[in-house]
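The chain contents come next:
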Amino acid sequence: MNKKSLNDIWVSGKKVLVRVDYNVPMDKEGNITDDTRIRATIPTLEFLLSKNAAVIIISHLGRPKGKVAPEFSLKPVAQKLSQLLYGREVQFAADCIGPEARSLSAALGAGQVLMLENLRFHAEEEKNDPEFAKQLAGLADILVNDAFGVSHRAHASVHGIAKYIPAISGFLMDKELLFLGQAVTDPVRPFVAIIGGAKVSDKIGVIENLLQKVDTLIIGGGMANTFLAAQGYKCGKSLVEADKLELAKNLITMAKSKGVSLLLPEDVVVADKFAADADRKTVPVDQIPAEWMALDIGPATAAKFAQSLQTAKTVVWNGPMGVFEFDAFAVGTEAVAKAVAASGAKSIVGGGDSVAALEKLKLAAQITHISTGGGASLEFLEGKELPGIAALADK
Ligand code: ADP
Ligand code: MG
């Protein structure tokens, strides 16, 4: 991608705003239940501190909708960050702009850390308001963007701000750009994409773009039903998007014309209701009973998918193969995840539910790169230009 990163600029003695994605899950008492997102930014922060930069951290948390909402305060996150920085003090400003943020930033010395309150307490953040962006920019010399997960949005802290101070990529962003970028621009072949999840309508752009690039496209999950229905199979009560049958046919034709091998389920696990304890059985796709619904790929399909993954060198995966939330229908996703791991391919997984599925199955560590951005990774795979990435300075 050739974007300027931390090693390309002089940061010593500089005031550096670091845009992170500390949108961490919290329980009712405000305890952080998963600090992965905070940990993921530590390399960038430690680097800046070791170079004697003054570090000012900005983030959003939740959806306060442009108003101050105490339950979305970043204060507990500042405490957590302090622990993760081995007890280093993390100062806190109760507003991300205004006099307190200005005076604390101005007084911040080399190697010190300040966190500003939730950006989304101001509606101007999501509106990409130039005046708000300018006020944020006024606090520092440089912006480091480590928030890939919001970089598909033209928000002030990742987009507008770059008009006023240089924006560069942090180490976490570097990793996203490296793995996703290489997969879509210069993949080592064979390149296999696995697309699943609920609906084809969510992922049309991704499928269309990946069809230009992959050697094999595997389709599973709920969206596979629409492809099956498009080929004339009766899918019973399965999730089928009736208005997307033509589209599915076109995608099948497009795959043929591009020489992409398109793999669809041959058998499915059907259930008599959408429930964890549903009655279930495996059937070939031409024998789905009228009153039943397909909630997972079957074992023959999983074996076929696994075989096509054996020789893969690059794998991009978005969307689970079944309703993994119910253990009984997580089997196909697990088989495919194990096949991805066993292939030794460079593997890249994006998508909130896909990552949740891998974590549930305890297979996330087997993946080369788990993207930190669900929506952002999808837009990247669609070939779209992401505003927060476009705003980064070129090398
Ligand atoms: P991601 O968040 O990784 O992009 P999606 O949101 O597109 O993935 O899809 C995930 C959802 O798809 C899960 O909630 C899962 O239960 C659902 N799903 C997968 N297979 C099926 C199926 N056969 N029928 C209905 N829903 C399914
Ligand atoms: Mg999802």
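Residues numbered from 1 in each chain as written. Chains lettered and ligands numbered in written order. Predicted model: local features only at pLDDT ≥ 70, side-chain atom pairs only at ≥ 80, totals over all residues. Heavy atoms only, no water.

> Teacher, can you tell me more about the sheet that holds strand β8 (residues 216–219) here?
Hydrogen bonds between backbone atoms are what pair the strands of a sheet, whose relative direction is either parallel or antiparallel. Pairing is parallel across the open sheet formed by six strands, whose spatial order is β9-β8-β7-β13-β14-β15. The strands lining the two open edges of the sheet, one partner per strand, are β9 (261–263) and β15 (369–370). Judged from the three bridges that link them, β8 and β9 form a sheet pairing that is parallel. Its bridge partner lying in β9, Leu217 is registered against Leu262. Each of β13 (314–318), β14 (346–349) and β15 is contacted by helix α13 (residues 352–360), which is oriented at about 115° to β14, the strand it contacts most. (Pairing = 2+ DSSP bridges. Helix = DSSP H or I, 4+ residues; strand = E, 2+ residues; numbered from the N terminus. Contact = heavy atoms within 4.5 Å. Axes fitted to C-alpha atoms, helices over the stretch in contact; angles between N-to-C directions.)

> How should the domain arrangement of the protein chain be read in this particular structure?
A common way to report how large an interface is uses the accessible area buried once the components associate. Taken domain by domain, the protein chain consists of domain 1 (6–171) and domain 2 (178–381). On a C-alpha basis, the centres of domain 1 and domain 2 stand 36 Å from each other. Contacts between the two partners involve five residues from domain 1, matched on the other side by nine residues from domain 2. Across the domain 1/domain 2 interface, buried area totals approximately 510 Å², and carbon plus sulfur atoms make up 65% of it. For domain 1, the biggest contributors to the area lost against domain 2 are Phe148, Gly149 and His152; these three give 83% of the whole. Linking domain 1 with domain 2 are one salt bridge. Linking domain 1 with domain 2 are zero residue pairs in polar contact (both at pLDDT 80 or more), by the criterion used here. Of the residues in the side of domain 1 that touches domain 2, the class split is one nonpolar, two polar and two charged. (Domains from an automatic or database assignment. Buried area = accessible area lost by both parts, 1.4 Å probe. Salt bridge = Lys/Arg side-chain N within 4 Å of Asp/Glu carboxyl O. Polar contact = N/O pair within 3.5 Å; in protein donor to acceptor, adjacent residues only side chain to side chain. Nonpolar A, V, L, I, M, F, W, Y, C, P; charged D, E, K, R; others polar.)

> So what exactly am I meant to see when it comes to the nonpolar core here?
Formed by 62 residues in total, the largest nonpolar core has its most connected members in Leu116, Ile207, Leu217 and Phe227. When residues of this core are assigned to their parent elements, the largest contribution, six residues, is made by helix α7 (residues 171–185). Split by domain, this core shows at least three residues from each of two domains, domain 1 (6–171) and domain 2 (178–381). Setting aside its immediate chain neighbours within four residues, Leu217 contacts Ala193, Ile195, Ile207, Leu211, Val260, Ser261, Leu262 and Leu263. In terms of nonpolar packing, the next biggest core, distinct from the first, is built from 31 residues, Ile32, Ile42, Leu48 and Ile168 among them. (Core = buried A, V, L, I, M, F, W, Y, C linked by side-chain atoms within 4.5 Å. Buried < 20%, exposed > 50% of the residue type's maximum accessible area, 1.4 Å probe, protein only.)

> Would you explain the packing of aromatic side chains in this entry?
Each aromatic ring pair is specified by the distance between its two centres and by the angle formed by the two planes. Applying the stated criterion to the full structure yields three aromatic pairs. Look at Phe274 and Phe326: their rings are 5.3 Å apart centre to centre, the planes differ by 65°, and that puts the pair in the edge-to-face class. Of this pair, Phe274 sits in the loop between β10 (267–271) and β11 (280–284) while Phe326 is found in the loop between β13 and α12 (331–343), placing the two residues 52 residues apart along the sequence. Exposure remark for Phe274: the relative accessible area of 51% places this residue in the exposed category. A cation over an aromatic ring shows up here: Lys281 above the ring of Trp292, its NZ or CZ 4.3 Å from the ring centre. (Phe/Tyr/Trp six-rings, centres within 6.5 Å; stacked < 30°, edge-to-face > 60°. Lys NZ or Arg CZ within 6 Å of the ring centre and 35° of its normal.)

> Would you mind going over the site of ligand 1 with me for this structure?
Taken together, 19 residues lie around ligand 1, and Lys203, Ala294, Glu325, Asp353 and Ser354 are the ones closest in. Contacts to ligand 1 include Glu325, whose side-chain N or O atom sits 2.5 Å from an oxygen atom. Here Gly352 contributes a backbone N or O atom positioned 3.4 Å from an oxygen atom of ligand 1. Protein chains bury 85% of the 580 Å² of accessible surface belonging to ligand 1 in isolation. Listed by contribution, the elements that provide at least two residues to the shell around ligand 1 are β12 (293–297) and α13. A total of three residues in the shell around ligand 1 trace back to one element, the largest contributor, which is α13. For the shell around ligand 1, a count of residues per class yields seven nonpolar, nine polar and three charged. (Near = heavy atom within 4 Å. Areas by Shrake-Rupley, 256 points an atom, 1.4 Å probe, with all protein chains shown as cover.)

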